[in-house]
Amino acid sequence: MHAIRFRLVLNPLVIGGLLIVVLIGLASSHNAVHAATHATYTVIAGTDTPYGLGAMAFGPQTVKVHRGDTVTWQFMGFHNVHFAQKPADLVVVSQIDGKPVPEFNPAIAFPSMKPGDVYKADASSGVPLPEPGQSPEAALAAFTVSVVMDVEPGTYGYVCDLHPGMVGSIVVVDDKTQIPSPAEVAKTGKAELEAIIAAGDKAYMDLLRKFPPQAQGDTLQVSAGGQEGVAAIIRFFPESATILAGQSVTWTVPKGFEPHTINLPLPKDGRPSEFAFMMDSNKRPHVLPTDVLTANAKSGAEVSPDGNIKSGFLLPGQGFTLRFTKPGSYPYFCALHPNMFGTIVVLPAEQK
Ligand SMILES: [Cu+2]
C-alpha cells in the first residue's frame, strides 16, 4: 500500500481518505437496484458557510419513509452518519504493535457500510476525506452515503460522531401510511438548515459585540469559536486584540460541538498535519494525532520568548490562559480548523 506515505493535511477529520477510497473502491459494487415503487429521500448533512459558520444538523432532522425506500445524505459539511444512539469516542487508545497509542477512532475514520447497503444497526459511513490533491469541497461533493431502509417499521436514530448532538432519525412507516414526497422532504430539510444558519448569523454579531479587542481588567477574554443552538462558529472572537505587557489572554471554548487548540507561532511552511496515517505490522491502518495536538504548556503559563505554545485539545467548556510579558505581535492558530487564526498584539506596559 503506497498510500501510507501520505501525511494528511487539513482538518482533523481529514484522515485516512486514501484508505476510504480504497475500501469503497474494493467493496462497492454500486448496484443497489430497487423496485420502481421505492422512493429515494435526500437528507442534507450540515451546512458550512465560507465565513466559518456551520449548521451542525441533519435537514430534515426526521425523515419518514416506507419500507424499502432509500435515504441518501448530501454532505454540505464535514460529518459522518453512524446508526447508533450516541457518538463513538473520537480518540481511542489502541494497542498498536504492542504499545498503547492514542488514535483517531478507526470505527469513525473508516466506513463499515457502502452506498446501497440495507440498514444495519451500528454501521457507519466513514468521513468525507480528500484524496491527495483533492479539495475538501470536492471530497464532500464526491462523498456518497445511502442506505436502503428494508427494515421493520419503527424509528431508527443516527448520529454524527464528529459533532455530538448532531442527530437525526429515520421513521419507517407501513405502506398504507401517507408521507411527504422526496421533494417536500428536501424543501423541509433546506428550510431547517437555513433557520439554523440565520440564528447563527445573529449570534455571530452578538459575539463581535460581546468580546471587545481589549483586556477587561488584566485579562483579555477570547471566545474560541461560538455556539448558538446547533450552529457552530469556527472563529476567534476577537480575532485580533491589543493588550499590555504583563496582561493575560483567556481563551474559552463555548459549550457545544467543536474542540479547538491554541498554537503559536504560525507555522513557517504551511499548515502542519494534525494527523498522520500509518499501517501497523499487521497491515491495519491507523490515523494518529501528530505533535501539533500535543500540549506543551499548561493554562496560566507565561509565553516564552520564542512563543512556542501548544495548548492541546481544548474541549467545549474548557479554557486556556497565557500571560504575555514581552511586547510584540503574537499570531496564533487552531490546529484543528483551517482558517481559524488570531493575533495578540502586546504593547509595552507604560503605553496604550
Ligand atoms: Cu478550531
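Relevant structure appears above.
Our subject in this report is the structure included herewith. None of the values given here were measured: they were computed from a predicted structure. (Residues numbered from 1 in each chain as written. Predicted model: local features only at pLDDT ≥ 70, side-chain atom pairs only at ≥ 80, totals over all residues.)

Attention shifts here to the overall build of the protein chain. Counting secondary structure elements, the protein chain contains four helices and 23 strands. Counting across all 352 residues of the protein chain, residues that qualify as buried make up 39%. (Helix = DSSP H or I, 4+ residues; strand = E, 2+ residues; numbered from the N terminus. Buried ≥ 20, exposed ≤ 12 C-beta atoms within 10 Å, placed from the backbone.)

By size, the foremost hydrophobic cluster in this structure holds 79 residues, and its most contacted members are Val-43, Ala-57, Val-71, Met-166, Ala-231, Val-249 and Phe-324. The biggest single contributor to this core is strand β13 (residues 231-237), with six residues. Composition of this core by domain shows at least three residues from each of domain 1 (2-200) and domain 2 (203-347). Setting aside anything within four residues of it in sequence, one finds Met-166 in contact with Met-56, Ala-57, Phe-58, His-79, Val-159, Cys-160, Val-230 and Phe-257. (Core = buried A, V, L, I, M, F, W, Y, C linked by C-beta atoms within 7 Å. Domains from an automatic or database assignment. Contact = placed C-beta atoms within 7 Å.)

What follows concerns unusual backbone geometry. Residue Pro-238 follows Phe-237 across a cis peptide bond; omega there is -5°. When you line up the elements, Pro-238 lands in the loop between β13 and β14 (240-244). Cis geometry marks the peptide bond from Leu-264 to Pro-265, where omega comes out at 0°. Relative to the assigned elements, Pro-265 resides in the loop between β16 (263-264) and β17 (275-279). Backbone geometry at Asp-122 places phi at a positive 75°, although glycine is not the residue there. Locating Asp-122 in the fold gives a position in the loop between β8 (117-118) and α3 (136-142). Classification of Asp-122 by C-beta neighbours within 10 Å gives exposed; the count is 12. One non-glycine residue, Lys-283, adopts positive backbone phi at about 65°. Mapped onto the elements of the fold, Lys-283 is located in the loop between β17 and β18 (285-289).

Bringing the pairing of β18 into the picture now. Burial analysis of β18 places four of its five residues in the buried class, which makes it a mostly covered element. Between β17 and the antiparallel strand that follows it, β18, lie five residues; Lys-283 among them carries a positive phi value of about 65°. (Pairing = 2+ DSSP bridges.)

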